[in-house]
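As a plain string of letters, each chain reads:
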Amino acid sequence: MYGDDYSRPIWEFAFKNMLIPNKDWLITCDVTGLTRGHEMANDFRGRWGIDLSVRRYFLNKRLQVSLSANDIFHTRNQEWSIRAKDVVAYKYSNQDSRKIMLGITYSFNPQKSKYKGATAGEAESKRL
């Protein structure tokens, strides 16, 4: 368009990791992002972020306490530009998307699964 090349694709990546050291702990570390690239006549800058969470279960998993942190390094800033002939628009958004969250969940009456049958496909495979 107007002699400029807008053919660089945007690649999205996500590395989602989960660690379960024992039955009462759950730890996650997620890295997500986008590479620099074009969408129509827009030129988007790359961005990425890291999220961490730790979850601990108590009282036979009836009580759950979780602590999580999002965008730890404050790297999910939005930056793009668009060019149309002699006009160029540019945006840089430095919103603070970092946050720390504490969650406490208690299940008063957890129900066990009452399913005692076989899988639906098992009967069919025996029939054949």
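Look above for the structure.
Residues numbered from 1 in each chain as written. Predicted model: local features only at pLDDT ≥ 70, side-chain atom pairs only at ≥ 80, totals over all residues. Heavy atoms only, no water.

### Things to note about the sheet that holds strand S3 (residues 37-39)
Strand-to-strand pairing in sheets goes through backbone hydrogen bonds, with the strands running parallel or antiparallel. The four strands are arranged S3-S4-S7-S8 in an open sheet whose pairing can be described as antiparallel. Because the sheet does not close on itself, it has two edges, and the strands there are S3 and strand S8 (87-93). With strand direction ignored, the average angle separating the axes of adjacent strands in the sheet is 20°. Here S3 pairs with strand S4 (residues 42-44) via three bridges, running antiparallel. For Glu-39, the partnering residue across the bridge sits in S4 and is Asn-42. (Pairing = 2+ DSSP bridges. Helix = DSSP H or I, 4+ residues; strand = E, 2+ residues; numbered from the N terminus. Axes fitted to C-alpha atoms, helices over the stretch in contact; angles between N-to-C directions.)

### With respect to the side chain of Asn-42
Inspection of the secondary structure puts Asn-42 in strand S4. The contacts of Asn-42, once residues within four sequence positions are left out, are Gly-37, Trp-80, Ser-81 and Ile-82. (Contact = heavy atoms within 4.5 Å.)

### Topic: the pattern of salt bridges
On inspection of all chains with the given rule, the structure shows six salt bridges. Arg-56 is the partner of Asp-24 in a salt bridge, and the nearest nitrogen-oxygen pair spans 3.6 Å. Within this pair, whereas Asp-24 is found in the loop between strand S1 (12-19) and strand S2 (25-34), its partner Arg-56 is found in strand S5 (residues 47-58), the two being separated by 32 residues in sequence. For Glu-79, the salt bridge is made with Arg-45, and the minimal N-O distance between the two is 3.8 Å. In this pair, Glu-79 sits in strand S7 (residues 78-84) while Arg-45 sits in the loop between S4 and S5, placing the two residues 34 residues apart along the sequence. According to the relative accessible area criterion, Arg-45 is partly exposed, its value standing at 35%. Within the structure, one salt-bridge network assembled from shared partners comprises Lys-23, Asp-24 and Arg-56. (Salt bridge = Lys/Arg side-chain N within 4 Å of Asp/Glu carboxyl O. Buried < 20%, exposed > 50% of the residue type's maximum accessible area, 1.4 Å probe, protein only.)

### Concerning unusual backbone geometry
Positive phi is not limited to glycine here, since Asn-60 has a value of about 55°. Of note, Lys-61 is a non-glycine position whose phi angle comes to about 65°, a positive value. Locating Lys-61 in the fold gives a position in the loop between S5 and strand S6 (63-70).

### Observations concerning a nonpolar patch on the surface
On the surface, Trp-48, Leu-52, Ile-72 and Phe-73 cluster together into a nonpolar patch covering about 370 Å² of accessible area. With respect to the helices and strands, Leu-52 occurs in strand S5. (Patch = residues over 30% accessible without salt bridge, like charges linked within 9 Å, V, L, I, M, F, W, Y side chains within 5 Å. Areas by Shrake-Rupley, 256 points an atom, 1.4 Å probe, with all protein chains shown as cover.)

### Considerations on the pairing of S7
Two strands pair when backbone bridges link them, and S4 and S7 are joined in this way by three bridges, in the antiparallel orientation. Bridge pairing links Asp-43 to Ser-81 in S7. Where S7 lies against S8, seven bridges are found, and the strand directions are antiparallel. When the bridges of S8 are listed, Ser-81 appears paired with Tyr-90.

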